[in-house]
Number of protein chains: 2
Amino acid sequence: MGMKQAMAIQIPCRECPLRQLPLFITHSAEELELLQALKQRELRLAAGETLILEGQTDTPLFTLLSGWAFRFKTLSDGRRQILNFLLAGDFIGVQQKMGDAAAHGVTTLTDSLFCVFQRDALWELHRRSPVMGFNTTWLIAHEESLVDDSLLSVGRRSAEERIASLLILLFKRAAALQLDGGAAGVPFPLTQQHMADALGLSLVHTNKTLRKLEKRGLHELKDGRLYLRDARALTRLADVWGDGKPTPRPLV
Amino acid sequence: MGMKQAMAIQIPCRECPLRQLPLFITHSAEELELLQALKQRELRLAAGETLILEGQTDTPLFTLLSGWAFRFKTLSDGRRQILNFLLAGDFIGVQQKMGDAAAHGVTTLTDSLFCVFQRDALWELHRRSPVMGFNTTWLIAHEESLVDDSLLSVGRRSAEERIASLLILLFKRAAALQLDGGAAGVPFPLTQQHMADALGLSLVHTNKTLRKLEKRGLHELKDGRLYLRDARALTRLADVWGDGKPTPRPLV
DNA sequence: CGTTGCCTTGATCATTATCAATCATAGTGG
DNA sequence: CCACTATGATTGATAATGATCAAGGCAACG
């Protein structure tokens with residue numbers, strides 16, 4: 001299964017692809033030194049490999065430097081729910097307390113590069129740099145709020161609406177990591193099975209719904225890339241807040 | 001709608017009902033002083049009142065001192081998804097960055113008492129006590145991981161399984177706040193509509209499923225209290241990890 | 001008593017799941 | 001170059017699950 005060696009030479013944190021993200025912009029040289037010191041090593045995985053197994057204990061903390069991955073939970077008969085997708089810049093493993101078993105697994109969608117931190121790195125970060133500790137807290141809280149959106153989709157949106165909102169969300173997230181902002185589409189490494197597992201739909205129904213939207217000209221999925229052909233219509237369908245409409249909600 | 005006055009005399013933080021929770025146990029007198037200093041005021045709401053409106057900006061941070069509440073999102077046609085239930089000791093409002101609009105609303109289920117903090121209290125906490133900042137981060141991450149469970153339920157569990165897992169989860173959380181550990185049941189202030197909105201089911205189907213489980217003797221819901229009559233069977237039905245069974249998952 | 005809110009139930013309908021094929025593509029070994 | 005295999009996409013037929021509609025019931029309350 002194409003297991004590759006960890007690189008002998010690591011990327012220094014001042015060259016880290018995350019440096020331009022909110023968490024990292026304001027940091028002084030010494031804060032970068034701190035990050036560097038806490039960093040344990042890098043880890044490279046091929047597509048489809050598993051970083052964290054459900055139930056595993058004492059997993060380290062990770063940061064995703066490049067590639068795509070996802071967090072998931074399964075039931076004992078194999079039903080799987082994808083909790084969210086991970087893109088470059090995301091944290092991994094903050095949900096479980098030290099000593100606890102991982103409540104979810106993490107698997108890659110593409111070849112991926114991770115930065116590995118010891119479990120107590122988060123505490124060191126707080127202790128030695130309250131600013132970075134604080135920023136991290138917000139980042140974690142914000143990342144987790146993506147799950148809130150998913151829950152709204154899966155709980156209350158129709159199949160069409162779910163597909164639409166997933167496409168929009170992933171497009172936005174992926175486009176934000178590109179220089180062209182998605183003008184030429186974005187990479188889209190999910191299979192329809194992944195989409196089904198993220199949206200709480202069956203594979204077959206996912207396929208049919210996807211085809212329907214594509215035939216209507218809302219999007220195009222081709223050669224592993226996603227193009228939004230009618231972002232307006234997709235947004236309307238997904239009922240996404242604050243995009244087309246300026247929050248017209250009655251607010252009681 | 002029974003809006004009540006905020007109490008003139010506030011509970012000092014050293015008397016706070018949260019003091020025995022993980023976040024608060026290890027704290028020195030001066031750390032309690034810090035909490036006290038950051039605390040702005042207390043707020044009392046009646047059952048069914050709204051603490052935060054979706055889309056509201058610059059809401060303060062809250063802590064729930066007593067009572068029950070829930071976080072939710074709605075679609076523009078009124079479909080509502082309850083994200084999670086809030087019990088004494090929970091944080092509220094950490095999901096949105098300063099200046100952002102609230103991505104979810106918060107409404108009470110019972111008469112409730114909140115502790116109100118300024119929005120920058122979280123930063124002050126980090127700056128002046130890295131330990132408490134760190135603990136807060138974990139607490140937030142852990143609270144948010146409850147949503148992961150919900151997502152698994154709504155996405156992949158059948159109606160019966162969803163009901164079972166909700167009953168178990170809420171029972172455990174509520175029982176942990178009682179001295180008797182739930183021996184005489186726990187308060188259960190949700191209507192079936194709330195359960196439906198949390199589980200992604202219709203009201204009618206929620207009712208039927210609930211009745212079915214109750215007739216089978218798995219639980220009893222009476223006078224606003226929940227009793228688990230066959231916790232083993234409920235756990236099996238819900239496929240909850242690490243309870244009856246010692247993690248028998250294959251882990252591939 | 002007449003509301004009002006919440007729970008309950010039966011009948012019917014819709015959406016989504018399941019089952020079963022087929023097809024396309026890429027990789028593998030002979 | 002040709003089976004042989006494997007993965008993923010696609011489609012039609014049928015079944016199941018859960019939603020919607022409609023109607024009461026029951027208790028609390030002014």
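Everything below is about the structure shown above.
Residues numbered from 1 in each chain as written. Chains lettered and ligands numbered in written order. Predicted model: local features only at pLDDT ≥ 70, side-chain atom pairs only at ≥ 80, totals over all residues. Heavy atoms only, no water.

S.K.: Quick question: what am I supposed to make of the pairing of strand β3 (residues 61-66) of chain B here?
M.R.: Consecutive side chains of a regular strand alternate in pointing toward one face of the sheet and then the other. Residue and element names in this part refer to chain B. Taken across its six residues, β3 has five buried, putting it largely inside the fold. Here two bridges tie β3 to strand β6 (residues 91-92), and the two strands are oriented antiparallel to one another. Paired with F62 across the strands is I92, a residue of β6. (Buried < 20%, exposed > 50% of the residue type's maximum accessible area, 1.4 Å probe, protein only. Helix = DSSP H or I, 4+ residues; strand = E, 2+ residues; numbered from the N terminus. Pairing = 2+ DSSP bridges.)

S.K.: Help me understand the pattern of salt bridges, please; the structure alone is not making it clear to me.
M.R.: For side chains of opposite charge, pairing can occur when their charged atoms come near one another. Taken as a whole and judged by the stated rule, the model has 30 salt bridges over all chains. With a closest N to O distance of 2.9 Å, D197 of chain B and R156 of chain A form a salt bridge. Note that D197 of chain B is positioned in helix α6 (residues 192-199) and R156 of chain A in helix α4 (residues 130-156), a pairing that runs across two chains. In terms of burial, D197 of chain B and R156 of chain A fall into one category: buried. (Salt bridge = Lys/Arg side-chain N within 4 Å of Asp/Glu carboxyl O.)

S.K.: Would you mind going over the environment of H219 of chain B with me for this structure?
M.R.: Residues and elements named next belong to chain B. By the element assignment, H219 lies in strand β10 (residues 219-222). The class of H219 is buried, set by a relative accessible area of 1%. Taking the C-alpha atoms as reference points, H219 and A164, separated by 55 residues in sequence, lie 9.0 Å from one another. Other than its neighbours up to four places away in sequence, H219 contacts L167, L210, L213, E214, L226, Y227, L228, R229 and L234. (Contact = heavy atoms within 4.5 Å.)

S.K.: So what exactly am I meant to see when it comes to the protein's contact with DNA strand D here?
M.R.: Around DNA strand D sit 13 residues, and of these Q192 of chain A together with A159, L201, S202 and H205 of chain B come closest. A159 of chain B places a main-chain nitrogen or oxygen 2.8 Å from a phosphate oxygen of DNA strand D. For DNA strand D, a phosphate oxygen lies 3.4 Å from a polar atom in the backbone of G200 of chain B. Residue contributions to the surface near DNA strand D peak at four residues, all from helix α7 (residues 203-215) of chain A. Across the surface near DNA strand D, the residue classes tally to four nonpolar, seven polar and two charged. (Near = heavy atom within 4 Å. Polar contact = N/O pair within 3.5 Å; in protein donor to acceptor, adjacent residues only side chain to side chain. Nonpolar A, V, L, I, M, F, W, Y, C, P; charged D, E, K, R; others polar.)

S.K.: It is not clear to me how the interface of chain B and chain A should be interpreted in this structure. Could you clarify?
M.R.: Size of an interface, as often reported, equals the accessible area lost when the parts are brought together. On the chain A side, the residues contacting the 56 residues of chain B number 55 residues. Between chain B and chain A, a total of about 5,100 Å² is buried, with carbon and sulfur atoms accounting for 65% of that surface. In terms of surface lost to chain A, no three residues of chain B exceed W138, L151 and R156 of chain B, which account for 17% of the buried area on that side. Linking chain B to chain A there are eight salt bridges. Across the pair K73 of chain B and D149 of chain A runs a salt bridge, and its minimum N-O distance is 2.8 Å. Here chain B is connected to chain A by 22 residue pairs in polar contact (both at pLDDT 80 or more). At the level of elements, β4 (69-74), β5 (80-86), α3 (121-128), α4 (130-156) and α6 of chain B are the ones that each hand at least two residues to the side of chain B that touches chain A. Ranked by residues supplied to the side of chain B that touches chain A, first place goes to α4 of chain B with 20 residues. (Buried area = accessible area lost by both parts, 1.4 Å probe.)

S.K.: Could you clarify how one ought to interpret the relation of the copies chain B and chain A in this entry?
M.R.: Each of the two chain copies can be brought onto the other by rotation about an axis and movement along it. Structural alignment of chain B on chain A gives an RMSD of 0.0 Å, achieved by rotating through 180 degrees and translating 0.0 Å along the axis. The symmetry that links the two subunits is that of a two-fold axis. Counting the interface residues of chain B, we find that 98% of their copies in chain A are interface residues as well, pointing to one common contact surface. (Least-squares fit on C-alpha atoms with pLDDT ≥ 70 in both.)

S.K.: Would you mind going over the protein's contact with DNA strand C with me for this structure?
M.R.: Around DNA strand C, a shell composed of 13 residues is seen, among which S202 and H205 of chain A together with Q192, N207 and K208 of chain B lie nearest. When the atoms of DNA strand C within 4 Å of the protein are sorted by group, sugar and phosphate make up 65%. Between DNA strand C and the protein, one listed contact pairs a base nitrogen with a side-chain N or O atom of K208 of chain B at 3.1 Å. Mapped onto the surface near DNA strand C, the elements with two or more residues apiece are α7 of chain A together with α7 (203-215) of chain B. Counting residues per element, the surface near DNA strand C draws most heavily on α7 of chain B, which supplies four residues. Of the residues assigned to the surface near DNA strand C, the class counts are four nonpolar, seven polar and two charged.

S.K.: Can you walk me through the side chain of R157 of chain B in this structure?
M.R.: Here R157 of chain B shows up in the loop between α4 and α5 (159-175). Among buried charged residues, R157 of chain B stands out as having no salt bridge; its nearest opposite-charge side chain is D149 of chain B, 5.2 Å away. Apart from residues no more than four positions distant in its own chain, R157 of chain B is found in contact with L75 and R79 of chain A together with D149, L152, R162, S165, A238 and D239 of chain B. (Lys, Arg positive; Asp, Glu negative; His and termini not counted.)

S.K.: How should the sheet that holds strand β7 (residues 105-108) of chain A be read in this particular structure?
M.R.: Backbone hydrogen bonds are what pair the strands of a sheet, in a parallel or an antiparallel way. Taken in spatial order, the four strands line up as β2-β7-β4-β5 (chain A) in an open sheet, and their pairing is antiparallel. The strands lining the two open edges of the sheet, one partner per strand, are β2 (50-52) and β5 (80-86) of chain A. Taken over all neighbouring pairs, the strand axes of this sheet differ in orientation by 30 degrees on average, direction set aside. Sheet analysis places strand β4 (residues 69-74) of chain A next to β7 of chain A, joined by four bridges and oriented antiparallel. Paired with F70 of chain A across the strands is T107 of chain A, a residue of β7 of chain A. Its contacts with the sheet place helix α6 (residues 192-199) of chain A against β4 and β5 of chain A, and it is angled at close to 105 degrees to β5 of chain A. This element, α4 of chain B, spans β4 and β5 of chain A of the sheet and lies at about 130 degrees to β5 of chain A. (Axes fitted to C-alpha atoms, helices over the stretch in contact; angles between N-to-C directions.)

S.K.: So what exactly am I meant to see when it comes to the environment of E49 of chain B here?
M.R.: Residues and elements named next belong to chain B. Considering the arrangement of structural elements, one finds E49 in the loop between β1 (39-45) and β2 (50-52). Along the primary structure E49 and S112 are separated by 63 residues, whereas in three dimensions their C-alpha atoms are 9.4 Å apart. In terms of polar contacts, E49 uses its side chain to reach the backbone amide nitrogen of A46, at 2.7 Å.

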